[in-house]
Amino acid sequence: MVVALVRRSALPGDTRTVGSRLDPVFNVAGVQVVLHPLDRVSVAVDQPGQRCAALSDQGLAISDALDELLPRSWG
């Protein structure tokens, strides 16, 4: 599964969920990006391009975002 990272600057300034448990903010190569768990897809392991960074030290924030998303999808 791949979850989108969206440039913070590409989102409207009044996006309420940015920085929340659902949409945590990370710094990747000096750029602020927002995890967008609503935008995810399954891909084969050979499909993603070259790795530019690793967020393994942010595993808890990423799993928290997915945990926050799933109950919302059930109502």
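Bear in mind that the values here come from a model prediction, so they are computed numbers and not experimental data.

1. Points about the overall build of the chain
Stage number 1. Broken down by element type, the chain carries 1 helix and 3 strands.
Stage number 2. Taken from N to C terminus, the helices and strands of the chain fall in the order β-β-β-α.
Stage number 3. On the principal axes, the C-alpha backbone points of the chain span a range of 35 × 30 × 20 Å.
Stage number 4. For the chain, the proportion of contacts with a sequence separation of at least 24, taken over those separated by at least 6, is 70%.

2. Quick notes on the pattern of salt bridges
Stage number 1. Within the structure shown, the criterion is met by 2 salt bridges.
Stage number 2. Notably, a salt bridge pairs arginine 21 with aspartate 64, separated by 3.5 Å at the nearest N-O pair. Taken as a pair, arginine 21 in the loop between β1 (2-7) and β2 (25-28) and aspartate 64 in helix α1 (residues 59-73) lie far apart in primary sequence, 43 residues in all.
Stage number 3. For aspartate 64, a relative accessible area of 22% gives the class partly exposed.

3. Description of the nonpolar core
Stage number 1. Judged by nonpolar contacts, Phe26, Val28, Val33, Leu35 and Ala65 together constitute the single largest core of 5 residues.
Stage number 2. Secondary structure elements with two or more residues in this core: β2 and β3 (31-41).
Stage number 3. Dropping the residues within four chain positions of it, phenylalanine 26 is found in contact with Leu5, Val31, Gln32, Val33, Leu35, Leu55, Gln58, Ala61 and Ile62.

4. A closer look at a nonpolar patch on the surface
Stage number 1. A grouping of Val2, Val41 and Val43 is seen on the molecular surface, where their side chains present a nonpolar patch of about 200 Å² in accessible area.
Stage number 2. Looking at the element boundaries, valine 43 is found in the loop between β3 and α1.

5. Topic: the environment of proline 37
Stage number 1. Along the polypeptide, proline 37 turns up in strand β3.
Stage number 2. Considering only alpha carbons, one finds proline 37 and proline 12, 25 residues apart in sequence, at a separation of 17 Å.
Stage number 3. In contact with proline 37, not counting residues within four places along its chain, are Val3, Leu22, Asp23, Ala65, Leu66 and Leu69.

6. What about the pairing of β3?
Stage number 1. Alignment of β1 against β3, held across 6 bridges, turns out to be antiparallel. Looking at β3, one finds that valine 6 is bridged to valine 34.
Stage number 2. Note that β2 and β3 share 4 bridges and pair antiparallel. Along β3, the bridge assignment pairs phenylalanine 26 with valine 33.

Calculation criteria
- Residues numbered from 1 in each chain as written.
- Predicted model: local features only at pLDDT ≥ 70, side-chain atom pairs only at ≥ 80, totals over all residues.
- Heavy atoms only, no water.
- Helix = DSSP H or I, 4+ residues; strand = E, 2+ residues; numbered from the N terminus.
- Contact = heavy atoms within 4.5 Å.
- Salt bridge = Lys/Arg side-chain N within 4 Å of Asp/Glu carboxyl O.
- Buried < 20%, exposed > 50% of the residue type's maximum accessible area, 1.4 Å probe, protein only.
- Core = buried A, V, L, I, M, F, W, Y, C linked by side-chain atoms within 4.5 Å.
- Patch = residues over 30% accessible without salt bridge, like charges linked within 9 Å, V, L, I, M, F, W, Y side chains within 5 Å.
- Areas by Shrake-Rupley, 256 points an atom, 1.4 Å probe, with all protein chains shown as cover.
- Pairing = 2+ DSSP bridges.

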